[in-house]
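Chains, contacts and geometry: an overview
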Amino acid sequence: MRKKRVLYISVSVIILLFIIDIIASFYFYHLAIARNQKDFLQGNEDLEVSAQALDEMLEGDWRDWVREQNFETWNMTSYDGLKLQGYYLPAKKETNKTVIFAHGYLGSGLDMGMFGQHYYEELGYNMFTADLRGHGESEGNYIGFGWHDRLDYVDWIHRVIEEQGEDAEIVLHGVSMGAATVLMASGEKLPNNVKAIVADSPYTSVYDMFAYQMDRMFHLPSFPLLPSTSAVTKVRAGYGLKEASAVEQVKKTDIPILFIHGSADTFVPTRMSEALYAQTNSDKELIIFDGAGHGEAFVTHKEDYIEKLHEFLTQ
């Protein structure tokens, strides 16, 4: 009788823990992946930036520059039926060089004007940037963290080539989630027009990034919550957290990649760029800016950033 009671209690506890795990998995999916207000990031110390970076990001003259430009609005239907929106700015002087930008988590395409102003004004590039699915004016009830977005970007690349012609030369430049997006796209069959990739503050995979954040933000182990959250994501959004891997994609590319990271980045740790660099088989370079936080090196080390960028692009 006592053994039966112990067995009953053990089974009850297991069932209860399973239910709690499932509830928590849906909670984390809603928290991080579903398209909604992300209040949990407010006050996150890992996203605090220097006063210099904050001033430039919020009130820099690049915002006025973006407002003054006559961007063409491009629309596209994704492979799975979503209406996506992008923005194209032809260069002042005709050129076959175009930069395609990918923005970060909860951002929008025109946020990349901070970088685009330099490519456009100083390098004379055409500029294209898009709202990733689940962001801005693009449809989508979930955030793809770069995985489904990589296929959207393959389509945007072909759209740019249609606009520019078969001699188009393209640079992909992404920051944070956008950096992971262009790296994930690198492993697909891209046209030879894509000449270089710049990945600023990327993560290795969505699973790795979530595991890091679960520990840092919530002091929770990745198991069993992360595998079950991955299963929920697979059902609700169509991808698993481990399959959404930039590190597996860079193993397959032959496109030169410039990796950029800040040594003081605690939101996406610097070691993730180091791991990506180690697994990349194409020509590659890794620049770590001392003391820079997440995605802020372009502001805090602007002269050095631009110098390294120019050196890479002219190789």
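A few points on the structure. Note that this is a predicted model, so its numbers are computed, not measured. Residues take numbers from 1 onward in each chain, read along the sequence in its written order. Side-chain atom pairs in this predicted model are given and counted only at pLDDT of 80 or more, local residue features only at pLDDT of at least 70, and totals for whole chains, interfaces and linings cover all residues. As a rule here, side-chain values come from all non-hydrogen atoms in the structure, and water together with hydrogens is ignored.

Quick notes on the packing of helix 5 (residues 147-164) against helix 6 (residues 177-186)
Between helix 5 and helix 6, whose axes approach to 8 Å, the crossing angle comes to 65°. Compared by their axis directions, helix 5 and helix 6 come out roughly perpendicular. In the packing of helix 5 onto helix 6, the handedness of the crossing is right-handed. Residues Trp147, Asp149, Arg150 and Tyr153 of helix 5 touch helix 6, and the partners they reach there are Thr181, Met184 and Ala185. By residue class, the composition of the contact of helix 5 with helix 6 is 4 nonpolar, 1 polar and 2 charged. An axis is simply a line fitted to the C-alpha atoms; with a helix, the fit covers only the stretch in contact. Between two such axes, the angle follows the N-to-C directions and lies from 0 to 180 degrees. Only DSSP runs of H or I reaching four residues or more are called helices, and only runs of E reaching two or more are called strands; each is numbered from the N terminus. Orientation labels follow simple angle bins: below 35 degrees gives roughly parallel, above 145 gives roughly antiparallel, 65 to 115 gives roughly perpendicular, and whatever is left gives oblique. Should the near helix be turned anticlockwise from the far one by less than a right angle, the crossing is termed left-handed; should it be turned clockwise, right-handed. Contact definition: two residues touch when any of their heavy atoms are within 4.5 Å. Only Asp, Glu, Lys and Arg are considered charged, only Ala, Val, Leu, Ile, Met, Phe, Trp, Tyr, Cys and Pro nonpolar, and every remaining residue, Gly among them, polar.

Concerning the sheet that holds strand 1 (residues 72-77)
Sheet strands line up and pair through hydrogen bonds in the backbone, either parallel or antiparallel. DSSP calls a pair of strands paired once it identifies at least 2 bridges connecting them. Pairing is mixed across the open sheet formed by 8 strands, whose spatial order is 1-2-4-3-5-6-7-8. Each edge of the open sheet is held by one strand with a lone partner, namely strand 1 and strand 8 (284-289). When the angles between neighbouring strand axes are averaged without regard to direction, this sheet yields 20°. Where strand 6 (residues 194-200) lies against strand 7 (residues 257-262), 4 bridges are found, and the strand directions are parallel. Each residue of the ladder has a partner; that of Ala199, found in strand 7, is Phe259. The strands touched by helix 5 are strand 1, strand 2 (83-89), strand 3 (97-102), strand 4 (126-130), strand 5 (169-175) and strand 6; relative to strand 1, the strand with the most contacts, the crossing angle is about 130°.

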